[in-house]
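This is what each chain is made of:
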Amino acid sequence: MNSFPDELNIENEFYFQWHITEKCNLRCKHCYHAAYTSANELSLSELILIGDKIDSTLKKWDIDGTLSITGGEPFMVMDKLFPLLQHINSLEAITHFDLLTNGSLLDEGILLDLKGFKKLRRVQVSLEAGNRELNDQIRGNGSFEKTLSAIRLLKKNDFQAAVMMTISNINKNEVEPLVDMLKREGVDTFSAERFIPEGVGSNLKDEFLAPEEVKNVFESIYSLAMKEDGIRILLYRPLFALLNGSDPTVGALCSAGNNALTIMHDGTIYPCRRLPIPIGNAVTDSFYKVWYTSKVLWNLRNPVNIKGKCSGCDFIPICRGCRAMAYALTGDYLAEDPQCWR
Amino acid sequence: MLEIEQNDTFVLEENIFLQKISELEKYWVFNIDTGEHYSFNETSYWILEQIAENLPLKNILKDFLGNFDVDENQAKVDFEEIINGFLTEGIIKRREKDEK
């Protein structure tokens, strides 16, 4: 009775996205954070406690765990980051972790320290375009060059480098140029997320893509991925399944309520970073309590609850759209995905 | 097997949480302290729901016989076995006489 209930269709891996700070040295226009003050940021001892809770929970469920440590900019709180990574590296249930950073604070010394963490799989940075002007329009002046330098530094030091792009109307035509550039730079993986107008990004509501535009961008990403040409393009996001439902590597169920949780800088737990509905606190609550009793999570788990055109869709077993997108656009996390083109 | 009287009343142990998705015919019991979790069939889950309502065992058994098409003698045996299983797993406990 100790392993995770198979009936929930949980994969054999559980994922935590962990924002250890809200502080950031960039002010990207599409950012999902609403503030950068990092009020009530947790202490190192509280972070360690959460790490231990994650480990014991995963062991109880007899399931492997992966983490993404991020912020804000995680290297803004290096005094906490490195001891925490040291601790995470020692946790038995964690198979690997990734660092999500803007890359601007990385240097040779930091990478040398990171080398010691055997469970560090990838360092992910973000770029929004294959050209400086467009990228910097979104992420701020100088960010393109800094990110490119970070990628080169990572590759020079034999790290796996990942790049993420957030797709909006501003950069919808930039997928191919960016992927071409990343191949030349030796980047290992590329992934794309749809822009969700929330937090600071609410100001870019007009840059939200129409369903047909999303379809065009997704087809372009899918086509690049199928080339398998020097860079791994990750397709496990909602709606990709619509392009090829028979391939399990294409598309994925929204992880909210299924196999992931997000922990914020103050310990607040969300179903997903992009679905900012508080469902508990990682310091004061057990993950068991949150995972087993959250009404939001149970609503998400039952496909019968999903409304609109999602409800009668053939793809419901493998795609329920992005619940965060539904929430941001309609206020109802169970509404149909407003960007679905079906 | 623990001795179970028809006049006994049981309650859920603290930190036990019941959850079902009827449409999927899925029924779970969770211990939010220890992380233990159990999947049950509809009948066992129904009994737990009645226990959660603080109903005496004899009332639950009576409703059980009314709701499910089962042989009474066999039902009593099965019922007792299920209750014992819940007790053994620490899902329920006997309500003391002076407990409200």
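Each chain carries its own residue numbering, running from 1 in the direction its sequence is written. In the order they appear in the text, chains get letters beginning with A and ligands get numbers beginning with 1. Owing to the predicted nature of the model, reporting of local features is limited to residues with pLDDT of at least 70; listing and counting of side-chain atom pairs is limited to 80 or more, with chain, interface and lining totals taken over all residues.

A. Expanded view of the overall build of chain A. Scanning chain A from N- to C-terminus turns up 11 helices and 10 strands. Only C-alpha atoms enter the radius of gyration; for comparison, a globular chain is expected to reach 2.2 Å times N to the power 0.38, where N is the number of residues. Over its C-alpha trace chain A gives a radius of gyration of 19 Å, about what one expects of a compact globule, namely 20 Å for 342 residues. Here the C-alpha coordinates of chain A stretch approximately 50 × 45 × 35 Å along the principal axes. With 342 residues in all, chain A has 45% of them scored as buried. Placing a C-beta atom from the backbone of each residue, one calls two residues in contact when those atoms lie within 7 Å. In chain A, the share of contacts with a sequence separation of at least 24, taken over all contacts with a separation of at least 6, comes to 71%. Runs of E in the DSSP output that reach at least two residues are strands. Runs of H or I that reach at least four are helices, and both are numbered from the N terminus. In this scheme every C-beta is placed from the backbone, and a residue whose C-beta has 20 or more other C-beta atoms within 10 Å is buried, one with 12 or fewer is exposed, and one in between is partly exposed.

B. Structural detail: the overall build of chain B. Along its length, chain B carries three helices and five strands. Listed by position from the N terminus, the elements making up chain B come as β-β-β-β-α-α-α-β. Scaling as 2.2 N^0.38, a compact globule of 100 residues should have a C-alpha radius of gyration of about 13 Å, and chain B matches this with 13 Å. Expressed as lengths along the three principal axes of its C-alpha atoms, the size of chain B is roughly 35 × 35 × 25 Å. Within chain B, the fraction of its 100 residues that count as buried is 21%. Across chain B, the fraction of contacts at a sequence separation of at least 24, relative to all contacts at a separation of at least 6, is 56%.

C. Region of interest: the interface of chain A and chain B. In this assembly, 13 residues from chain A lie in contact with 14 residues from chain B. Looking at which element gives the most residues to the side of chain A that touches chain B, the answer is helix 8 (residues 287-293) of chain A, with four residues. Residues are grouped as follows: Ala, Val, Leu, Ile, Met, Phe, Trp, Tyr, Cys and Pro are nonpolar; Asp, Glu, Lys and Arg are charged; all remaining types, including Gly, are polar. Of the residues in the side of chain A that touches chain B, the class split is six nonpolar, four polar and three charged.

D. Just helix 1 (residues 44-61) of chain A, in detail. All names here are of chain A. Multiplying 1.5 Å by the residue count of a helix minus one yields the expected span of that helix. With 18 residues, helix 1 ought to run about 26 Å at 1.5 Å a step, and its terminal C-alpha atoms sit 26 Å apart, in line with that. Those residues of helix 1 that sit buried are Leu-47, Ile-50, Gly-51, Ile-54, Thr-57, Leu-58 and Trp-61. For helix 1, the angular spread of the buried residues around the axis is 130°, confining them to a single face. When the buried face of helix 1 is taken as reference, the exposed residues oriented beyond 90 degrees from it are Ser-45 and Asp-52. Looking at the buried side of helix 1, the elements it contacts are strand 1 (13-19), strand 2 (64-70), helix 2 (78-90), strand 8 (260-263) and helix 8. As used here, the arc belongs to the directions running from the helix axis to the C-beta atoms.

E. How the structure looks around the sheet that holds strand 3 (residues 94-100) of chain A. All names here are of chain A. A pair of strands is considered paired only if DSSP assigns at least 2 bridges between the two. The 10 strands are arranged 7-6-5-4-3-2-1-8-9-10 in an open sheet whose pairing can be described as mixed. Edge strands, defined here as strands with exactly one partner in the open sheet, are strand 7 (232-233) and strand 10 (280-281). Note that strand 5 (residues 160-167) and strand 6 (residues 189-194) share six bridges and pair parallel. Within strand 6, the position partnered with Met-164 by the bridge is Ser-191.

F. View of the packing of helix 1 (residues 42-52) of chain B against helix 2 (residues 57-67) of chain B. All names here are of chain B. Working convention: axes come from line fits to C-alpha atoms, limited for helices to the stretch in contact. Angles between N-to-C directions cover 0 to 180 degrees. As a packed pair, helix 1 and helix 2 sit with axes 10 Å apart at the nearest point and diverge in direction by 140°. It follows that helix 1 is oblique to helix 2 by the angle criterion. Handedness of the crossing formed by helix 1 with helix 2: right-handed. Contacts between helix 1 and helix 2 involve Ile-47, Gln-50 and Ile-51 on the former and, on the latter, Ile-60, Asp-63 and Phe-64. Class assignment for the residues of the contact of helix 1 with helix 2 results in four nonpolar, one polar and one charged. An angle below 35 degrees is treated as roughly parallel, one above 145 as roughly antiparallel, one from 65 to 115 as roughly perpendicular, and anything else as oblique. Handedness of a crossing is defined here by the sense of rotation of the near helix relative to the far one, left-handed for an anticlockwise turn of less than a right angle and right-handed for a clockwise turn.

G. Expanded view of the environment of Asn-59 of chain B. Residue and element names in this part refer to chain B. Mapped onto the fold, Asn-59 is located in helix 2. Look at Asn-59 and you get partly exposed, because 13 C-beta atoms sit within 10 Å. As a C-alpha pair, Asn-59 and Phe-30 span 29 residues in sequence and 25 Å in three-dimensional space.

H. Layout of unusual backbone geometry. Residues and elements named next belong to chain A. Residue Gly-72 is bonded to the preceding Gly-71 through a cis peptide linkage, with omega at 25°. Positive phi values are uncommon outside glycine, yet Asn-40 reaches one of about 60°. Position of Asn-40 among the secondary structure elements: in the loop between strand 1 and helix 1. You will see that Asp-62, though not glycine, has its phi angle at about 55°, which is positive. Inspection of the secondary structure assignment puts Asp-62 in the loop between helix 1 and strand 2.

I. Structural view of the packing of helix 6 (residues 175-184) of chain A against helix 7 (residues 211-227) of chain A. All names here are of chain A. Two elements in contact, helix 6 and helix 7, have axes separated by 10 Å at closest approach and are oriented at 25°. Judged by the angle between their axes, helix 6 and helix 7 are roughly parallel. Of the two possible hands of crossing, helix 6 and helix 7 adopt the one that is right-handed. Packed against helix 6, whose contacting residues are Val-175, Glu-176 and Val-179, the element helix 7 presents Val-217, Ser-220, Ile-221 and Leu-224 at the interface. Broken down by class, the residue content of the contact of helix 6 with helix 7 amounts to five nonpolar, one polar and one charged.

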